Amino acid sequence: MLELLKDLWAFMQVRKKYWLAPVIIVLLLLGGLLVLSQGSAIAPFIYTLF
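Since this is a predicted model, take the numbers as computed values, not measurements.

Rules behind the numbers
Residues numbered from 1 in each chain as written. Predicted model: local features only at pLDDT ≥ 70, side-chain atom pairs only at ≥ 80, totals over all residues. Heavy atoms only, no water. Helix = DSSP H or I, 4+ residues; strand = E, 2+ residues; numbered from the N terminus. Rg over C-alpha atoms; globule rule 2.2 N^0.38 Å. Buried < 20%, exposed > 50% of the residue type's maximum accessible area, 1.4 Å probe, protein only. Patch = residues over 30% accessible without salt bridge, like charges linked within 9 Å, V, L, I, M, F, W, Y side chains within 5 Å. Areas by Shrake-Rupley, 256 points an atom, 1.4 Å probe, with all protein chains shown as cover. Salt bridge = Lys/Arg side-chain N within 4 Å of Asp/Glu carboxyl O.

## Let's talk about the overall build of the chain
Logical step 1: A count of helical and extended segments in the chain gives three helices and zero strands.
Logical step 2: Each helix and strand of the chain, ordered N terminal to C terminal, gives the series α-α-α.
Logical step 3: Scaling as 2.2 N^0.38, a compact globule of 50 residues should have a C-alpha radius of gyration of about 10 Å, whereas the chain reaches 15 Å, well beyond that.
Logical step 4: Counting only C-alpha atoms, the chain reaches 45 × 20 × 10 Å along its principal axes.
Logical step 5: Relative to its 50 residues, the chain shows a buried fraction of 10%.

Here is the structure:
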């Protein structure tokens, strides 16, 4: 996983694609929210968003 992040960061630096960083961060946060709330009472409300 760490190797993937290093490669992604190197790609963004070389290609000057810094706008990808916020997109990746938001996707990771949403994925973490889905994983953490999977067993809770909040899960049905989160799944309706998608």
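Back to the write-up after that little detour.
## Some points on a nonpolar patch on the surface
Logical step 1: Taken together, Met1, Leu2, Leu4 and Leu5 make up a surface patch of nonpolar side chains, about 470 Å² in accessible area.
Logical step 2: Within the element layout of this structure, Leu2 appears in helix H1 (residues 2–15).

## Considerations on unusual backbone geometry
Logical step 1: Despite not being glycine, Lys16 shows a phi value in the positive range, around 55°.
Logical step 2: Considering the arrangement of structural elements, one finds Lys16 in the loop between H1 and helix H2 (20–36).
Logical step 3: Given a relative accessible area of 58%, Lys16 falls into the exposed group.

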